[in-house]
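# Understanding the architecture of this molecule
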Amino acid sequence: MRRPLRTAALVVATLAALAGCAAQPAEPAASGDALSGAVEVYAAASLQRSFDEIARAFEAAHPGVTVSPVYDGSSTLATQIAEGAPADVFASADEKNMAKVVDQAPEPQVFAGNTLVIAVPTGNPGGVETLADLARVTTVLCAPEVPCGAASQTLLSNAGVAVTAASSEQNVTAVLTKVAAGEADAGLVYATDVVGRGDVEAIVPAGADAVINRYPIASLADAPNPRAAAAFVEFVFSDAGQRILADAGFRAP
């Protein structure tokens, strides 16, 4: 009688083990939900350095995904999106240009903030010290329709300074390039643009803290890769994404 009992016990144990094995594959099955494909991110030019790093970190976390960033002035990117550009994510340097694509980006969230500084070539050959000095030296500014241009006009107006720009650029990168090359004595750029650079110096002007650009981001309603787009936006708000932005000089949202 004992042998059959031992045999039955073995059978029960074997069946339990098999049942346990059968329950294990839940993890591999979930891997079928892994993100894949390309994510095209339209982002303001001032985000290039930090978003390049965020893109690399996101790709490392999701090996099946390739992030393809497109950088330019927010107004240019908003126009392209409104005309049907196949973007998955839009990150603007201000809320005004995000509002232009409200149909495509119905739920934007602010993820960072930025302020302006006066950028001058290393050595400050124009002797620039204040916003008032921009009226007497060769100064380049962003065009009024782009976020850095609108913020520049507000900052100058608040200070009662009128500046005739030597050129009006379509994005902040172009302003900084001209200053760094010595083609201008000064330019107004974002504080984040001068972090870690040795070819320009930054002067924080009076009133800069009163003019803050808020940066919104959204996955687009017609995104070609909606799951990956949503995941990228979520990553920007993650501790890792916010740390990268903070290291680049961006303010917390």
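The coordinates are above.
Residues numbered from 1 in each chain as written. Predicted model: local features only at pLDDT ≥ 70, side-chain atom pairs only at ≥ 80, totals over all residues. Heavy atoms only, no water.

Once that is clear, we can look at the overall build of the chain. Helices and strands together make up the secondary structure of the chain, namely nine helices and 10 strands. Classification of the 253 residues of the chain by burial places 43% in the buried group. Considering only intrachain contacts with a sequence separation of at least 6, the fraction spanning at least 24 residues in the chain is 78%. When the accessible surface of the chain is summed, it comes to about 12300 Å², and 54% of that surface belongs to carbon and sulfur atoms. (Helix = DSSP H or I, 4+ residues; strand = E, 2+ residues; numbered from the N terminus. Buried < 20%, exposed > 50% of the residue type's maximum accessible area, 1.4 Å probe, protein only. Contact = heavy atoms within 4.5 Å. Areas by Shrake-Rupley, 256 points an atom, 1.4 Å probe, with all protein chains shown as cover.)

In the structure shown here, the tally under the stated rule is seven aromatic pairs. Taken together, a centroid distance of 5.4 Å and an interplanar angle of 75 degrees make the contact between Phe58 and Phe232 edge-to-face. Of the two residues, Phe58 is situated in helix α3 (residues 48-61) and Phe232 in helix α8 (residues 226-237); the sequence distance between them amounts to 174 residues. The class of Phe58 is buried, set by a relative accessible area of 0%. Here Phe111 and Tyr215 contribute two aromatic rings whose centre-to-centre distance is 6.1 Å and whose plane-to-plane angle is 80 degrees, an arrangement assigned as edge-to-face. Here the residue Phe111 occupies a position in strand β4 (residues 109-114), and Tyr215 occupies one in strand β10 (residues 213-219), the gap between them amounting to 104 residues. (Phe/Tyr/Trp six-rings, centres within 6.5 Å; stacked < 30°, edge-to-face > 60°.)

The biggest cluster of nonpolar side chains holds 65 residues, and the ones touching the most others in it are Leu47, Phe51, Phe111, Ile118, Leu134, Ile217 and Phe232. It is α8 that provides the largest number of residues to this core, a total of seven residues. Leave out the neighbours within four places in its chain, and Phe51 touches Val41, Ala43, Tyr71, Ala91, Phe111, Ile217, Phe232, Val236 and Leu245. Among the nonpolar cores identified, the runner-up in size contains 11 residues, and Leu77, Ala87, Phe90 and Ala105 belong to it. (Core = buried A, V, L, I, M, F, W, Y, C linked by side-chain atoms within 4.5 Å.)

Moving on to the sheet that holds strand β8 (residues 186-190). Taken together, five strands build an open sheet; the order of strands is β7-β6-β8-β5-β9 and the sheet is mixed. The sheet is open, and its two edges are formed by β7 (167-169) and β9 (200-203), each paired on a single side. Neighbour to neighbour, the strand axes of the sheet diverge by 35 degrees on average, direction disregarded. Pairing analysis gives three bridges linking strand β6 (residues 139-142) to β7, with the strands arranged parallel. By the bridge assignment for β7, Cys142 is matched with Glu169. Strands in contact with helix α6 (residues 147-159) are β5 (116-121), β6 and β8; relative to β8, the strand with the most contacts, it is inclined by about 115 degrees. With respect to the sheet, helix α7 (residues 172-180) is in contact with β5, β6, β7, β8 and β9, its orientation differing from that of β8 by roughly 140 degrees. (Pairing = 2+ DSSP bridges. Axes fitted to C-alpha atoms, helices over the stretch in contact; angles between N-to-C directions.)

Take helix α4 (residues 74-82) next. Of the residues making up α4, those classed as buried are Ser74, Ser75, Leu77, Ala78 and Ile81. Across the axial projection of α4, the buried residues extend over an arc of 160 degrees, all falling on one side. One or two residues past the end of α4 sits Gly84, with phi positive at roughly 105 degrees. (Arc of directions from axis to C-beta.)

Relative to the assigned elements, Ser152 resides in helix α6. Residue contacts for Ser152: discarding those within four places in its chain leaves Leu116 and Leu188.

In this section: unusual backbone geometry. Outside of glycine, negative phi angles account for most residues, and trans bonds account for most peptide bonds. Positive phi values are uncommon outside glycine, yet Asn124 reaches one of about 50 degrees. In this structure, Asn124 sits in the loop between β5 and β6.

Reading across the sheet, the five strands line up as β2-β1-β3-β10-β4 and stay open at both edges, with mixed pairing between neighbours. Whereas interior strands pair on both sides, the edge strands pair on one side only; in this sheet they are β2 (65-72) and β4. The sheet shows a mean angle of 20 degrees between the axes of neighbouring strands, taken without regard to direction. The strands touched by α8 within the sheet are β1 (37-44), β2, β3 (89-91), β4 and β10, with β10 carrying the most contacts at an inclination of about 150 degrees.

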